Amino acid sequence: MSALHKVVGIGGNRTHLEGYIRSFAADPRCEVVAIADEPDLPEYREDLNRALAAELDLPYLPLDEALAIDGVDITCACPDIERRARVLARCFDAGVHVYMDKPLAGSVEDALHIEAAALRAGTVTQMFSQAHTTWAQTARKAIDNGKTGRIQAIHCDMLMAKGHLSGVPEGLVRRERGSDGRFTFVEAKRELFDMGVYPVSLVTWLSGQRVREVAAHTANYFFAEHANLDIEDFGAMLLTLEDGTPATVMAGRTGVHSHPMTGQQQVSVIGENGYFRFADDEPRIEVYSQETSFVDPARHEFDPMLMWASTRRETGQMAKESWESLTPSDPAADVRAFLDCIDSEKRPEVSVSDAVHHVEVIMAGYKSARTGRPVTLG
Amino acid sequence: MNMNWTEIEAAVTRAVDARKIGTPRALRLTVHIASEDPAANQTVSALSDAAMSACEKWFGGAPGSESSAGDRENRRVLMAMWPNGAAAAVSVSRGGSRAGGDLSLLGTRGSIYHRLDGAAE
């Protein structure tokens, strides 16, 4: 039986395409036909794109050529943040459905540009999020079936326990300057942006509300790499939702030894009926043995934050295995849900318009951190 | 809920003083007290004030700025920033039947976690 969908992946190794495209390839509804990107990229990016294509035994093509392959109807788009508006708009102009990396874009203007192209195309869009993890789905059900009662507050964390702690200069206090539009660096990422999008998307998805006001703080606590680039490794936000409900968000990269597994990923819902916490790896069993003792991974020159599976394979980094979830999340669930939406004409849980709002919130966060004052969204 | 803030604060302080997490930099504290819990007599404002006092000890001084929501009687949510860059997000509330909460203290060399009674879903 031939696949229902022909998929083109945009990006390469050391992008989230590494994981997403393998989920598409594993789904019997899909045939991944090419890895592609814009022509005339920097050499390191094109080499990494070609490396992923070679790993998957796929051709590496210029974007327009890939989009012109007969029957292509989906792109999985992970270009550099700074190129997303142009690349995603090109995809929508070609009339394909787009599975989008997070966050959607590096500015509200770029995000709105992408949304406008998507709405013109009328195709299905979904941004990667945690909405289809087991724990987020459990939270969703508890809210929907009235178990929590009316939401009175939400608190959500994404604290990624990765990266070799390299420390920041004694006495360094971050002075936030706001976004300058640059988000692509080899050795580090802006973590309020990169990690913060997870809790922001969960808070808005679970509450069904948009954010009205943002008060935020950014900091450099853990990594010289971030400090040297003048980008934050930690961010916190106090959000006020449309109906006045408060929400807080903590996001950052806290170092590989700061947590037994990949980090604190949780949402606490304070409802009329009390306190309800939903977390990755809970409920769980815990296993402590010589076999599960975590060994400090070797430092990768181009990935000291341990961001990418491809570099973890290169360094032979072992997985943390002490916790075993009773209800593990399926890493392919988000892609599968996207395909379900295309096939059944359902609205995705996190669409392009939702993703635009996430960018608005995070950019308001940078502004608040810069000015020291809450920012009201329009 | 079996929560004794004095004991929690003391244990965290011992770990901090032993330099187990380097320099403490960020606190996440969520505490929710059920309406009928004996601990409900610890008012929301008293608990949040106690938590902020602990922060002043761990972070070295008073916060430089605060943003807050809610009221001091039933629900208080605040985010505080210290002049040295430290931060705290503290939520203390009461109501309903299900108590619980969690504490995370992030340091430059590691983290402290504590789950208050109230099982995760």
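All values reported here derive from a predicted model rather than from experimental measurement. (Residues numbered from 1 in each chain as written. Chains lettered and ligands numbered in written order. Predicted model: local features only at pLDDT ≥ 70, side-chain atom pairs only at ≥ 80, totals over all residues. Heavy atoms only, no water.)

**Focus on the overall build of chain B**
From N to C terminus, chain B includes 2 helices and 6 strands. Secondary structure elements in chain B, listed N-terminal to C-terminal, are α-β-α-β-β-β-β-β. Taking 121 residues into account, the globule formula puts the C-alpha radius of gyration at 14 Å, and chain B, at 14 Å, falls close to it. With the C-alpha coordinates aligned to their principal axes, the bounding extent of chain B is approximately 40 × 25 × 25 Å. Burial statistics for chain B: of 121 residues in total, 56% are counted as buried. Residue pairs in contact within chain B that sit at least 24 positions apart in sequence constitute 64% of those at least 6 positions apart. In the form shown here, chain B has an accessible surface area of approximately 4800 Å², with 46% of it arising from carbon and sulfur atoms. (Helix = DSSP H or I, 4+ residues; strand = E, 2+ residues; numbered from the N terminus. Rg over C-alpha atoms; globule rule 2.2 N^0.38 Å. Buried < 20%, exposed > 50% of the residue type's maximum accessible area, 1.4 Å probe, protein only. Contact = heavy atoms within 4.5 Å. Areas by Shrake-Rupley, 256 points an atom, 1.4 Å probe, with all protein chains shown as cover.)

**Quick look at the domain arrangement of chain A**
Residue and element names in this part refer to chain A. Structurally, chain A comprises domain 1 (5-123) and domain 2 (134-280 + 298-307 + 361-376). Put simply, the middle of domain 1 and the middle of domain 2, counted by C-alpha atoms, are 26 Å apart. Listed per partner, the contact involves 12 residues of domain 1 and 13 residues of domain 2. Together, the buried faces of domain 1 and domain 2 total about 1000 Å²; carbon and sulfur atoms form 60% of this surface. (Domains from an automatic or database assignment. Buried area = accessible area lost by both parts, 1.4 Å probe.)

**Quick look at the packing of helix α6 (residues 134-144) of chain A against helix α8 (residues 197-207) of chain A**
Residue and element names in this part refer to chain A. Two elements in contact, α6 and α8, have axes separated by 10 Å at closest approach and are oriented at 30°. Between α6 and α8, the angle is such that the two are roughly parallel. In the crossing of α6 with α8, the sense of the turn from one axis to the other is right-handed. Contacts between α6 and α8 involve Trp-135, Ala-136, Gln-137, Ala-139, Arg-140 and Ile-143 from the former and Leu-202, Trp-205 and Leu-206 from the latter. Classifying every residue of the contact of α6 with α8 by side-chain character gives 7 nonpolar, 1 polar and 1 charged. (Axes fitted to C-alpha atoms, helices over the stretch in contact; angles between N-to-C directions. Parallel < 35°, antiparallel > 145°, perpendicular 65-115°, else oblique. Left-handed = near helix turned anticlockwise from the far one by under 90°. Nonpolar A, V, L, I, M, F, W, Y, C, P; charged D, E, K, R; others polar.)

**Brief notes about unusual backbone geometry**
Residue and element names in this part refer to chain A. With an omega of -20°, the peptide bond between Lys-102 and Pro-103 qualifies as cis. Mapped onto the elements, Pro-103 comes out in the loop between β5 (97-100) and α5 (108-121). The backbone of Asp-40 sits at a positive phi, close to 65°, despite the residue not being glycine. On the basis of relative accessible area, Asp-40 is assigned to the exposed category, the value being 75%.

**Considering the pairing of strand β10 (residues 246-253) of chain A**
Residue and element names in this part refer to chain A. The buried fraction of β10 amounts to 8 of the 8 residues, a majority that puts the element mostly inside the structure. Of the two faces of β10, the one holding Pro-246, Thr-248, Met-250 and Gly-252 and the one holding Ala-247, Val-249, Ala-251 and Arg-253 are both buried throughout. Pairing analysis gives 7 bridges linking strand β7 (residues 151-160) to β10, with the strands arranged parallel. Bridge pairing in β10 links Asp-157 to Met-250. Across 7 bridges, strand β9 (residues 234-241) lies against β10 in antiparallel orientation. For Leu-239, the partnering residue across the bridge sits in β10 and is Ala-247. In this antiparallel pair of consecutive strands, β9 and β10, the connection spans 4 residues, and Gly-244 shows a positive phi of 95°. (Pairing = 2+ DSSP bridges.)

**Quick word on α6(A)**
Residue and element names in this part refer to chain A. Buried within α6 we find Trp-135, Ala-136, Ala-139, Arg-140, Ala-142 and Ile-143. In an axial view of α6, the angular spread of the buried residues amounts to 165°, which keeps them on one side of the axis. Exposed residues on α6 whose side chains face more than 90 degrees from its buried face are Lys-141 and Asp-144. On the buried face of α6, the contacting elements are β7, α8, β11 (263-271) and β12 (274-279). Once α6 finishes, Gly-146 follows within two positions and takes phi at roughly 85°, a positive value. (Arc of directions from axis to C-beta.)

**Some remarks on the packing of aromatic side chains**
Residues and elements named next belong to chain A. Counted under the stated rule, the structure contains 11 aromatic pairs over all chains. Ring plane angle 85° and centroid distance 6.2 Å describe the contact between Phe-24 and Phe-338, whose orientation is recorded as edge-to-face. With Phe-24 in helix α1 (residues 17-26) and Phe-338 in helix α11 (residues 333-344), this residue pair connects regions lying 314 residues apart in the sequence. Between the aromatic rings of Tyr-221 and Phe-234, the centroid separation amounts to 5.0 Å while the plane-to-plane angle is 35°, which identifies the pairing as tilted. With Tyr-221 in the loop between β8 (211-219) and α9 (224-229) and Phe-234 in strand β9, this residue pair connects regions lying 13 residues apart in the sequence. Exposure class is identical for Tyr-221 and Phe-234. Each is buried. Three or more aromatic residues joined by ring pairs make a cluster, and in this case those are Tyr-20, Phe-24, Tyr-99, Phe-128, Tyr-198 and Phe-338. If you follow Arg-140 out to its NZ or CZ, it ends over the ring of Trp-205, 5.0 Å from the centre. Cation over ring: Arg-284 sits above Trp-323, and NZ or CZ is 3.5 Å from the ring centre. (Phe/Tyr/Trp six-rings, centres within 6.5 Å; stacked < 30°, edge-to-face > 60°. Lys NZ or Arg CZ within 6 Å of the ring centre and 35° of its normal.)

**Things to note about the sheet that holds β10(A)**
Residue and element names in this part refer to chain A. Strand order in this open sheet of 7 strands is β12-β11-β7-β10-β9-β8-β15, and the pairing throughout is mixed. Edge strands, defined here as strands with exactly one partner in the open sheet, are β12 and β15 (375-376). Helix α12 (residues 352-371) rests against β8, β9 and β15 of the sheet, and its axis sits at about 55° to β8.

**Let's talk about the nonpolar core**
If you look at the biggest cluster of nonpolar residues, it comprises 70 residues, and the most contacted ones within it are Leu88(A), Leu104(A), Met237(A) and Val267(A). Each of two domains, domain 1 (5-123) and domain 2 (134-280 + 298-307 + 361-376) of chain A, supplies a minimum of three residues to this core. If sequence neighbours within four positions are ignored, Met237(A) has contacts with Leu192(A), Val200(A), Val214(A), Ala215(A), Ala216(A), Ala247(A), Thr248(A), Val249(A), Val361(A), Gly365(A) and Met79(B). Counting residues in each nonpolar core, the second largest holds 30 residues, with Leu47(B), Trp58(B), Ala80(B) and Ala86(B) among its members. (Core = buried A, V, L, I, M, F, W, Y, C linked by side-chain atoms within 4.5 Å.)

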